[in-house]
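# What the coordinates show
Take a look at the letters that make up each chain.
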Amino acid sequence: MIRDHFRVLLVDLGTGRGRIENLEGRDAVAGGSGLAALLFGKYGLPERPWDDPEQPLIFTIGPLTGYFPLMSKTVCAFKSPYHDQYAESHAGGRSALALRFADYDALVLQGRAPTPSCLSVGSRHLDLKDVHYLWGMDLFKTGKMLRRMYKGAGHRSILRIGPAGENLSAMACINVDTYRHFGRLGSGAVMGAKNLKGIVILGDGSFPLPEGKEYARLFQEVYRKMTDTDMMEKYHNYGTPINMAILNGIHALPIRNLQKTSDPDIEGITGETFARDTLLRNAACAGCPVGCIHIGFVRERFMGENRYLYRQVSYDHEPIFAAGAMLHVTNAFSVLALLDTVEREGLDIMSAGVALAWATEALEKGVITTQETIVPLRFGDDAVYRVAFHHLGAASNEFYRLLGQGTMKAARHYGGADFACVLGQEMAGYATGEVFFVSQALGLRHSHLDTGGYSYDQKDKEPDVNGAVQFLVQDERARVLLTSMVSCLFARGVYGEDILADCLRSVGYKVLSETTGAVSSHVQKLRWRTRLRTGFDPRSVSIPKRFLEVETWRGPIDGAYLAALKEAYAGAILDLAREEREPGPQKG
Ligand code: SF4
């Protein structure tokens, strides 16, 4: 539904009542990331802690959701339990289309439900149900129950948390429609703090598509690029796990808590191995013709001889890096079994895997003992890691509770900060070099997707502080436009700025189509101001010693270059966050 404002559903979980608010700002922030920051500015409480009941949990979509393929993400924004600052997390699945069909640009949840509850919203209904009997249930059982309780498969999107979210772990994710996640920075704990076990969004409305030839022509053009050309082929074929062998080959894969960047054993967990031995099928987010989600299987004997059950488990480069390479588990089926365990707990696998890699090295070095870890963590021992992931999700003792708040928090308490692989949060699966390390450490989401720092490192360039920082700032700006449209970032090769402008015009967003450059620049600054207002100081970020000990494809890390980059990028972020001046009167 084209409208020049945002239609926002605000829900007070304390009373179970909602109201619609029409919010101005479409032409300034577009939607997605921009709308999330705008809403946090209106409803967020920068000075109060993340678990203050009045802090909002925000979900937003973009102006092209439902009109063009791969406009498939929902942006989730919140004050994070990980660092008590503004955070954004993105997920696909069906949530974006469900919100579009329910006719909302955003859903904002405030307050705290009086009992463990599930919220259900649609175009004409809102219902907060007491589900205390689901509290304590793992993510799989919760999903099964919610699917039975709420009808409407196909148009329905189910968001849910597991025990980690209930235990307020800063590594708790929100699972979206089984195979996608709002993974990082603890959105699951925000739901837990709000006593919210699940959210069901029912896309039960409809909307007309634009008339005329232009929209149909553009849709065909975009669709053709995604399906008939090789632009998206790599995502459908092996998917992101193709990176495992590539990064291992160029000495850029973090292995064994980043003690190494290449190892022949990685052969057992490459994308090719997963496809050959474990792949069952591909799946896709709603409205996506690419289908990059790869689903393998785990098989377990449950009784006697020859009695097996199997479960389907999605895999990607990042989960394989975290549960495989970092823990030196190099058998594809063992990695899938670990992913299955982590999923059950409702933990973010990247954070959890990197945390346990640190704990394993800390145990090896005698920094902690099995009194803390309960089980004898050992690189490569998947059976022990399965138990440890459960302890992490359950916060079984003080050690696991603290580790669940972040590896660095545990390291500060027990020792071992030098080898904590933390870049703002637990590292992503790239040890490409200085630009990536700085990009993730200082990036707004501390995500490998904030910028293409990992690809900049792989270009054979001499160290160039100004050139690299300029790249980071410009690349972030381009990505912010896409995330404000809620495009899947895999489509960045298809959705250039001109095509995006044409798409916006074809559905009726004329002003927005002419100002995409100004919008991306404005949203980039708005997000940084929002983050800084909640306490982020880019100059205070430190990069642990382990990242200086690493050898990448170019040889040892250049510590002086890393330090200069960090300083310069921090300065650029502070510049971006300065208040924009109102345009003054033009001089004649
Ligand atoms: S390419 Fe993958 S992540 Fe992106 S929308 Fe399609 S299925 Fe979802």
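Structure report, in brief. In this text the structure is predicted, and so the values were computed from the model without any measurement.

Helices and strands together make up the secondary structure of the protein chain, namely 24 helices and 19 strands. Oriented by its inertia axes, the alpha-carbon framework of the protein chain measures out at about 70 × 60 × 50 Å. Looking at the protein chain residue by residue over its 588 residues, the buried ones come to 60%. Within the protein chain, counting contacts between residues at least 6 apart in sequence, those at least 24 apart form 69% of the total.

So, on to helix H23 (residues 516-533). Helix length check: H23, at 18 residues, gives a terminal C-alpha distance of 25 Å against a target of 26 Å (1.5 Å per residue), a fit within 8%. Listed in full, the buried residues belonging to H23 are Thr-516, Val-519, Ser-520, Ser-521, Val-523, Gln-524, Leu-526, Arg-527, Trp-528, Arg-529, Thr-530 and Arg-531. Where H23 terminates, the next one or two residues include Gly-535, which has phi positive at roughly 115°.

Under the counting rule described, the total for this entry stands at 39 salt bridges. Note that Asp-340 is salt-bridged to Arg-311, the shortest N-O span being 2.7 Å. Taken together, the residues Asp-340 in helix H12 (residues 332-345) and Arg-311 in strand S15 (residues 308-315) connect sequence positions 29 residues apart. Exposure remark for Asp-340: the relative accessible area of 4% places this residue in the buried category. Via salt bridges that share partners, Arg-3, Arg-7, Arg-26, Arg-100, Asp-103 and Asp-105 belong to a single interconnected network.

Quick look at the nonpolar core now. Core analysis: the largest hydrophobic core is formed by 131 residues, its most contacted members being Phe-59, Leu-109, Ile-199, Trp-358, Met-427 and Phe-437. The residues touching Trp-358, leaving out its near neighbours within four places in the chain, are Asn-257, Phe-399, Leu-403, Thr-407, Ala-410, Ala-411, Gly-415, Gly-416, Phe-419 and Ala-420. Of all hydrophobic cores here, the second largest spans 58 residues; its members include Leu-64, Leu-70, Val-507 and Val-523.

Moving on to the environment of Phe-437. The topology assignment puts Phe-437 in helix H18 (residues 434-442). As for Phe-437 and Val-494, which are separated by 57 residues in sequence, their C-alpha atoms are 27 Å apart. The contact partners of Phe-437, leaving out residues within four places of it in the chain, are Leu-423, Met-427, Tyr-430, Ala-431, Ile-543, Phe-547, Val-550, Ile-557 and Leu-562.

A few words on the environment of Ala-357. Structurally, Ala-357 can be placed in helix H13 (residues 349-364). Assessed through its relative accessible area of 0%, Ala-357 is described here as buried. For Ala-357 and Met-149, which are 208 residues apart along the polypeptide, the C-alpha to C-alpha distance reads 39 Å. In this view, Ala-357 contacts Asn-257, Met-326, Leu-327 and Phe-379; residues no more than four positions away in its chain are not counted.

What follows concerns the pairing of strand S14 (residues 293-301). In this structure, strand S13 (residues 279-283) lies alongside S14, joined through four bridges in antiparallel fashion. Note on S14: the bridge partner recorded for Ala-283 is Ile-293. Summarising the sheet, S14 and S15 pair through eight bridges and their orientation is antiparallel. Note on S15: the bridge partner recorded for Arg-301 is Tyr-308. With antiparallel pairing between neighbouring strands as the criterion, S14 and S15 make up a hairpin whose turn holds six residues, including Gly-304 at a positive phi of roughly 45°.

So, about the side chain of Glu-21. Secondary-structure assignment places Glu-21 in strand S2 (residues 17-23). Within polar-contact distance, the side chain of Glu-21 engages the side chain of Arg-19 at 2.9 Å. Looking at Glu-21, its side chain comes within polar contact range of the side chain of Tyr-43, at 3.0 Å. Non-local contacts of Glu-21, meaning those with residues more than four positions away in its chain, are made with Phe-6, Arg-7, Val-8, Leu-10, Lys-42 and Tyr-43.

Before going further, it helps to examine unusual backbone geometry. Although it is not a glycine, Asp-103 adopts a positive phi angle of roughly 70°. Along the chain, Asp-103 turns up in the loop between helix H3 (95-101) and strand S6 (106-110). The phi dihedral of His-446 falls on the positive side, at around 50°, and the residue is not glycine. Looking at where His-446 falls in the secondary structure, it is placed in the loop between H18 and helix H19 (453-457). Residue classification places His-446 among the buried positions, given a relative accessible area of 2%.

Another point: the side chain of Lys-194. The topology assignment puts Lys-194 in the loop between helix H6 (187-193) and strand S12 (196-202). Among buried Asp, Glu, Lys and Arg side chains, Lys-194 stands out as unpaired, with Glu-54 the closest opposite charge at 6.8 Å. When residues no more than four places from it in sequence are discounted, the contact partners of Lys-194 are Leu-13, Pro-53, Gln-55, Pro-56, Leu-57, Leu-109, Gln-110, Gly-111, Arg-112 and Ala-113.

This next bit is on the sheet that holds S12. With respect to topology, six strands assemble into an open sheet ordered S8-S7-S12-S9-S10-S11, the strand pairing being mixed. Looking at which strands have only one partner, the edges of the open sheet turn out to be strand S8 (126-130) and strand S11 (180-182). Within this sheet the neighbouring strands show an average axis-to-axis angle of 20°, counted without direction. Sheet topology note: the strand S7 (residues 117-121)/S8 ladder contains five bridges and is antiparallel. Bridge pairing in S8 links Val-121 to Leu-126.

Ordered by their spatial adjacency, six strands build an open sheet running S2-S1-S6-S3-S4-S5, and the pairing between neighbours is mixed. The two strands at the open ends of the sheet, each matched to only one other strand, are S2 and strand S5 (86-91). Within this sheet the neighbouring strands show an average axis-to-axis angle of 20°, counted without direction. Where strand S4 (residues 74-79) lies against S5, six bridges are found, and the strand directions are antiparallel. Each residue of the ladder has a partner; that of Val-75, found in S5, is His-90. Running over the sheet, helix H2 (residues 32-43) touches strand S1 (6-12), S2, strand S3 (57-60), S4, S5 and S6 and is turned about 150° from S3.

Reading the values: the criteria
Residues numbered from 1 in each chain as written. Predicted model: local features only at pLDDT ≥ 70, side-chain atom pairs only at ≥ 80, totals over all residues. Heavy atoms only, no water. Helix = DSSP H or I, 4+ residues; strand = E, 2+ residues; numbered from the N terminus. Buried < 20%, exposed > 50% of the residue type's maximum accessible area, 1.4 Å probe, protein only. Contact = heavy atoms within 4.5 Å. Expected span 1.5 Å × (residues − 1). Salt bridge = Lys/Arg side-chain N within 4 Å of Asp/Glu carboxyl O. Core = buried A, V, L, I, M, F, W, Y, C linked by side-chain atoms within 4.5 Å. Pairing = 2+ DSSP bridges. Polar contact = N/O pair within 3.5 Å; in protein donor to acceptor, adjacent residues only side chain to side chain. Lys, Arg positive; Asp, Glu negative; His and termini not counted. Axes fitted to C-alpha atoms, helices over the stretch in contact; angles between N-to-C directions.

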